[in-house]
Amino acid sequence: MELRPLGRTGVDVPAIGQGTWELDAHDRRTAVAALRRGVDLGLGHIDTAEMYGDGTVEEIIGEAIRGRRDQVYLVSKVLPRNATTAGVATACARSLRRLRTGHLDCYLLHWPGSHPLEGTIAGFERLRAEGKIRAWGLSNFDVDELEAAAAIAGAESIACNQVLYHLAERTIEHEVLPWCEARGVAVVGYSPFGSGRFPAPSSRGGRVLAEIAATHGASPRQVALRFLLRRPSLFAIPKAGRIPHVEDNAAAGALALSATELARIDAAFPRGRQRRGVPML
Ligand code: NAP
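Below you will find a few notes about this structure. Treat the numbers as computed from the prediction; the structure is a model and nothing was measured.

**Things to note about the sheet that holds strand E4 (residues 73-78)**
- Taken in spatial order, the 7 strands line up as E3-E4-E5-E6-E7-E8-E9 in an open sheet, and their pairing is parallel. The sheet is open, and its two edges are formed by strand E3 (45-47) and strand E9 (234-236), each paired on a single side. Taking the axes of each pair of neighbouring strands and ignoring which way they run, one obtains an average angle of 25° across the sheet.
- Pairing of strand E5 (residues 106-109) with strand E6 (residues 136-139), which is carried by 3 bridges, proceeds in the parallel orientation. When the sheet's bridge partners are listed, Tyr107 is paired in E6 with Trp136.

**So, the environment of Leu257**
- Relative to the assigned elements, Leu257 resides in the loop between helix H9 (243-251) and helix H10 (259-268).
- Expressed as a C-alpha distance, the spacing of Leu257 and Arg230, which sit 27 residues apart in the sequence, is 8.8 Å.
- Excluding anything up to four places from it in sequence, Leu257 contacts Ile212, His216, Val223, Arg226, Phe227, Leu262 and Ile265.

**A word on the site of the ligand**
- Looking at the ligand, there are 29 residues lining it, with Asp47, Ser195, Lys239, Arg242 and His245 nearest.
- Within the side chain of Asn140, an N or O atom sits 2.9 Å from an oxygen atom of the ligand.
- At a separation of 3.3 Å, an oxygen atom of the ligand approaches a polar backbone atom of Pro192.
- Burial of the ligand by the protein amounts to 90% of the accessible area it has alone, namely 910 Å².

**Focus on the layout of surface pockets**
- Empty space within the largest pocket amounts to approximately 770 Å³.
- Lining the largest pocket are 35 residues, and of these Trp21, Ser191, Ser195, Lys239 and Leu281 lie nearest its centre.
- With 3 residues, H9 is the single largest residue contributor to the lining of the largest pocket.
- Looking at side-chain class alone, the lining of the largest pocket contains 14 nonpolar, 14 polar and 7 charged residues.

The rules behind each value
Residue indices follow the written sequence of each chain, beginning from 1 at its first position. pLDDT decides what is reported in this predicted model: residues at 70 or higher carry local features, side-chain atom pairs at 80 or more are listed and counted, and totals for whole chains, interfaces and linings draw on all residues regardless. Water and hydrogen atoms play no part in the side-chain values, which are based on all heavy atoms of the structure. Strand pairing is assigned whenever DSSP detects at least two bridges linking the two strands. Strands are runs of DSSP state E lasting at least 2 residues, helices are runs of H or I lasting at least 4, and numbering of each runs from the N terminus. For helices, the fitted line uses only the C-alpha atoms of the stretch in contact; every axis is such a line through C-alpha atoms, and the angle between N-to-C directions lies from 0 to 180 degrees. Pairs of residues are marked as contacts when any of their non-hydrogen atoms sit within 4.5 Å. Throughout, the term near means that a residue has one or more heavy atoms lying within 4 Å of the molecule or strand in question. Side-chain atoms alone can form a polar contact between residues adjacent in sequence; in general such a contact is a pair of N or O atoms within 3.5 Å, and within protein one must be able to donate a hydrogen while the other accepts it. Values of accessible area rely on a 1.4 Å probe in the Shrake-Rupley scheme; residue burial ignores everything except the protein chains shown. Here a cavity is any set of points on a 1 Å grid over the protein atoms alone where a 1.4 Å probe fits but cannot get out, and a pocket is any open set with protein on both sides within 12 Å along at least 5 of 7 lines; a residue lines the site when it has an atom within 4 Å of a point. Grid points are joined across faces, edges and corners, and a volume is the space filled by probe spheres set on the points. Under the scheme applied here, ten amino acids are nonpolar (Ala, Val, Leu, Ile, Met, Phe, Trp, Tyr, Cys and Pro), four are charged (Asp, Glu, Lys and Arg), and all others, including Gly, are polar.

Structure (structure tokens):
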């Protein structure tokens, strides 16, 4: 699997990772096996959150990564309602216990909330000094919110911004992606398959994906992932609770699309007009 520097963290991280939202809907043994298969195939960038299954998903991950923590870049998120300086510390302690690990590689604020960002960032920085997290980042932040965070901590402290990004939702390309790229902040795209609403094979866009996929002996989702990763600042974290899906996603790591193919996809899934804010799932 292709590794990329994640922002300014100094760590090379798999471009394609594993999302885990609603992983608890799968039978636990299947979910653990899917995660482990993913790690075996190089999808060691695992994204989770205290919110997912109210902590159950972190427990599933804890089981899956036992004995292989060093092969995983582990990311979790604090809920905005917990994001005071003290709340960040207790939420992180809960996540570490469920994940059965001593540290997170990156800890994110799940979305902007009402607690002052100064306090959240102070909490993150304290956790970093204590070695409980290696880096911190943000999620669902638009440019104004990123500017506010950068004014507090410096943009160089922000490892990544995790945002909604799939073929039918390219709003971040207008402002958020350029802002992040100019400052060395990684952009981790979530819901790369539209959270289950992937373009139908009979749709115009679906046909374009299928045609390109056929010429590479690949799947339409692999083609979509490659498009979403076409810039070096980008990462994708598809969620797959089934091993065949994990294997399909991992195989996208070996796929290379030509400039012409990328242009065809760009035309089939126009990025649309600029909107205020960032769309959230
Ligand atoms: P997604 O990754 O866009 O789509 C997941 C769906 O696609 C599941 O139904 C999955 O099926 C299916 N799938 C995956 N690989 C497939 C393949 N190769 N072939 C066919 N189907 C496939 O949806 P998501 O879970 O919304 O987003 C991914 C991750 O982003 C989340 O899990 C979470 O970690 C993160 N996220 C973050 C935020 C945030 O606010 N920061 C918000 C939403 C999501 P199976 O599971 O049945 O295999």
